[in-house]
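# Coordinate analysis (summary)
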2 protein chains.
Amino acid sequence: MFSKATEYALRATIYIARKSSEEHKLGIEEIAKAINSPKSFTAKILQKLTANNGIISSVRGPGGGFYLSSKAQKRPVRDILHVMEEDGVLGKCVLGLKKCSEAMPCPMHAEYKGIKQQLIQLFEHTTIQQLAHDADRIIPSNKQGRH
Amino acid sequence: MFSKATEYALRATIYIARKSSEEHKLGIEEIAKAINSPKSFTAKILQKLTANNGIISSVRGPGGGFYLSSKAQKRPVRDILHVMEEDGVLGKCVLGLKKCSEAMPCPMHAEYKGIKQQLIQLFEHTTIQQLAHDADRIIPSNKQGRH
DNA sequence: ATAATTAAGGACAAAAATATCCTTTATTTT
DNA sequence: AAAATAAAGGATATTTTTGTCCTTAATTAT
Ligand code: FES
Ligand code: FES
C-alpha cells in the first residue's frame, strides 16, 4: 500500500508519540532499533517530517533528539502521508490513468471510489495519538510496568 | 495502489478482452499503442500472463497474436493480480509488518481490515468480461460504428 | 573556550523496478 | 523448402527507491 519510506515514517512517528515528550526526547539510534528500520534512511525521513510540516520536533546536541508536541499528537495520520507520498494511493487510479476522477473514469472506478473514500476518511479521522494509544493497547510499552 | 507492471497487465487484458477473439488476434504493437505502455515491457507482461496462468492465449507466426478465450473472459480480476503481484496490497500491512494478520495486528489493523476485505471482494467478484464491458460503456470501441 | 553529543545534510552505493534491444522459436504463406 | 511474420526469451540499460557513510552545524556540559 505504501512505500518503505512511508511505512518507516508511520512507525517512527507512532513510536515517538508513545515514548517521547518535550522533556524526554529520543535519539535516532533508539528509534530505528525499536521500529526495525535502517538508521540513516530513517534519519532522513525524520528530517523530512521535521522540516516539511513540523509533525516531528527535534533538538540537536546533548539531551537532544526527537519528540512530538502535544499539538502534533492530535494531527491526523494523513498529514504524514501528505509529506511522504508525492501523490499516493489516494489520488491514483487502479488501472494507472493519470488521475482517478469522475471526469475520466476507468472501468474499475465506480466500484472503487467508495472504498477509496473510506481509506481517505480513515487516514483523515485517525490521529497519531489514537494510533499510539492503540499500539500501547496491543503491545504495552513497559513504561507503566506491571504493578 | 499497484505497480506499473500490474497496471499494464490490467489495461492490456481488458483491451484484449474488448477487441480480440480466437478468430481475430491482436499484435503487441497494437496493444501497447492502445493502452499507452512501453511495447517490450508489455510483451514480457503478456508472456507472464500467458505462461503462468493461461489468462491470455497467444499464437506465433503470421495471423498470430494475443486473445482471450471466452473461458478466460469469465475469470476474476484477482487472477491477474495473483500472477503479477508477488504478495501485493492485499496481504501487506499498512505499517509494513511482515504480514497483516489478526495474530499480530498493528494499530491500524482493526480499522483497516474491513476496507481490505472490500478490496479483496471487489477483485474476486469482478470478472475481466465485466471490466471490458464497462470500458466499452465508458469509451465505446468503434467496432459497432455510430448507427 | 573546548570538548562532547546529536540532528542536518551532502555524496555515494546497492537493489529493485521499469524499459529497450536483439536473437531464437514457432507458425503460416509463398 | 524458403521467406515472412509474430511471440518467446535472454541480455542489457535506465530510473527510482532504498540504504550507507561521512562531514557540518547546533547545542550542551566541562
Ligand atoms: S479512474 Fe481508475 S480508479 Fe478512478
Ligand atoms: S497488521 Fe497492519 S494492517 Fe493488518
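Residues numbered from 1 in each chain as written. Chains lettered and ligands numbered in written order. Predicted model: local features only at pLDDT ≥ 70, side-chain atom pairs only at ≥ 80, totals over all residues. Heavy atoms only, no water.

### As for the interface of chain B and chain A
Inclusion rule: Contacts between residues were defined by any pair of non-hydrogen atoms, one from each residue, lying within 4.5 Å. By buried area we mean how much accessible surface two parts lose on assembly, using a 1.4 Å probe and totalling the loss over both. For the purposes of these results, a polar contact is taken to be a pair of N or O atoms within 3.5 Å, where, inside protein, one atom must be able to donate a hydrogen and its partner to accept one; residues adjacent in sequence count only when each atom of the pair is a side-chain atom. By the criteria applied, helices consist of DSSP H or I runs no shorter than four residues and strands consist of E runs no shorter than two, each listed in order from the N terminus.
With 31 residues of chain B in contact, the opposing surface of chain A contributes 31 residues. Counting each side, the surface lost to burial between chain B and chain A is near 2,800 Å², with a carbon and sulfur contribution of 73%. Connecting chain B to chain A are 3 residue pairs in polar contact (both at pLDDT 80 or more). Secondary-structure elements contributing two or more residues to the side of chain B that touches chain A are α1 (4-19), α7 (109-125) and α8 (128-138) of chain B. Among the elements that make up the side of chain B that touches chain A, the one with the highest residue count is α7(B) (7 residues).

### Things to note about the packing of aromatic side chains
Residues and elements named next belong to chain B. What counts, and what does not: Stacked, tilted and edge-to-face are the three classes applied to pairs of Phe, Tyr and Trp rings, where Trp contributes its six-membered ring and a pair requires centres within 6.5 Å; stacked means planes under 30 degrees apart, edge-to-face means over 60, and tilted covers the rest. When a residue's accessible area, from a 1.4 Å probe over protein chains only, is under 20% of the maximum for its type it is buried; when over 50% it is exposed; and in between it is partly exposed.
Within this structure, the stated rule accounts for 4 aromatic pairs over all chains. Their ring planes at 90° and their centres at 5.9 Å tell us that Tyr8 and Phe41 sit as a pair that is edge-to-face. A residue pair is termed long-range when its members are at least 10 positions apart, and Tyr8 in helix α1 and Phe41 in helix α3 (residues 39-51) qualify at 33 residues. Take Tyr8: its relative accessible area is 11%, and that puts it in the buried class.

### A closer look at the protein's contact with DNA strand C
Filter applied, for reference: Consider each residue's heavy atoms; a residue with any of them within 4 Å of a molecule or strand counts as near. All amino acids are sorted into three groups, where Ala, Val, Leu, Ile, Met, Phe, Trp, Tyr, Cys and Pro are nonpolar, Asp, Glu, Lys and Arg are charged, and the leftover types, Gly among them, are polar.
Around DNA strand C lies a shell of 24 residues, among which A:Lys44, A:Ser58, B:Pro38, B:Arg60 and B:Pro62 are the nearest. In DNA strand C, atoms within 4 Å of the protein come from the sugar-phosphate backbone in 63% of cases. Backbone polar atom of A:Leu26 to a phosphate oxygen of DNA strand C: 3.5 Å apart, as the coordinates give it. Contacts to DNA strand C include B:Tyr8, whose side-chain N or O atom sits 3.0 Å from a phosphate oxygen. When contributions to the surface near DNA strand C are tallied by element, the ones reaching two or more residues are α3 (39-51), β1 (57-59) and β2 (65-67) of chain A together with α1 and α3 of chain B. For the surface near DNA strand C, the residue count by class is 10 nonpolar, 9 polar and 5 charged.

### Description of the protein's contact with DNA strand D
If you check the shell around DNA strand D, you find 24 residues, and the closest are A:Tyr8, A:Pro38, A:Pro62, B:Lys44 and B:Ser58. Considering DNA strand D, the proportion of its atoms within 4 Å of the protein that are sugar or phosphate atoms stands at 65%. With respect to DNA strand D, the side chain of B:Gln47 contributes an N or O atom lying 3.1 Å from a base nitrogen. A distance of 3.4 Å separates a sugar or linking oxygen of DNA strand D from a polar side-chain atom of B:Arg60. Mapped onto the surface near DNA strand D, the elements with two or more residues apiece are α1 (4-19) and α3 of chain A together with α3, β1 (57-59) and β2 (65-67) of chain B.

### A short note on the relation of the copies chain B and chain A
Rules: Least squares is the method for superposing the copies, and the C-alpha atoms it fits come from residues with pLDDT of at least 70 in both.
Superposing chain B onto chain A requires a rotation of 180° together with a translation of 0.0 Å along the rotation axis, leaving an RMSD of 0.0 Å. In short, the pair behaves as if placed about a two-fold rotation axis. Interface overlap between copies is the fraction of interface residues in one copy that are interface residues in the other; for chain B against chain A it reaches 100%, indicating a shared surface.

### Some details on the confidence of the model for chain A
The test is simple: The predictor attaches a confidence to each residue, and that confidence, scored 0 to 100, is pLDDT.
Looking at chain A as a whole, the pLDDT averages 91, with 94% of positions reaching at least 70. pLDDT under 50 marks residues 143-147 of chain A. Its contacts with residues more than four places away, or in other chains, come to 2 contacts.

### Here we look at the pattern of salt bridges
Put simply, the rule is: Each salt bridge in this description consists of a side-chain nitrogen of Lys or Arg and a carboxyl oxygen of Asp or Glu lying within 4 Å of one another.
Scanning the model with the defined rule gives 10 salt bridges over all chains in all. Taking the shortest distance from any N to any O, the salt bridge between A:Asp79 and A:Arg75 comes out at 2.9 Å.

### Quick word on the packing of α3(B) against helix α5 (residues 77-84) of chain B
Residues and elements named next belong to chain B. Stated precisely, the cut-off is as follows: Axes here refer to lines fitted to C-alpha atoms; in helices the fit is confined to the stretch in contact. Angles between the N-to-C directions go from 0 to 180 degrees. Should an angle fall under 35 degrees it is taken as roughly parallel, and over 145 as roughly antiparallel, whereas 65 to 115 is taken as roughly perpendicular and any remaining angle as oblique. Helix crossings get a hand from a simple test, with the near helix turned counterclockwise from the far one by less than a right angle marking a left-handed crossing and a clockwise turn marking a right-handed one.
Packing of α3 against α5 leaves a shortest axis separation of 10 Å and a crossing angle of 110°. As summarised for this structure, α3 and α5 are arranged roughly perpendicular, according to the angle between their axes. Of the two elements, α3 crosses α5, and the hand of that crossing is right-handed. Residues Ile45, Lys48 and Leu49 of α3 pack against Ile80, Val83 and Met84 of α5. Split into classes, the residues belonging to the contact of α3 with α5 amount to 5 nonpolar, no polar and 1 charged.

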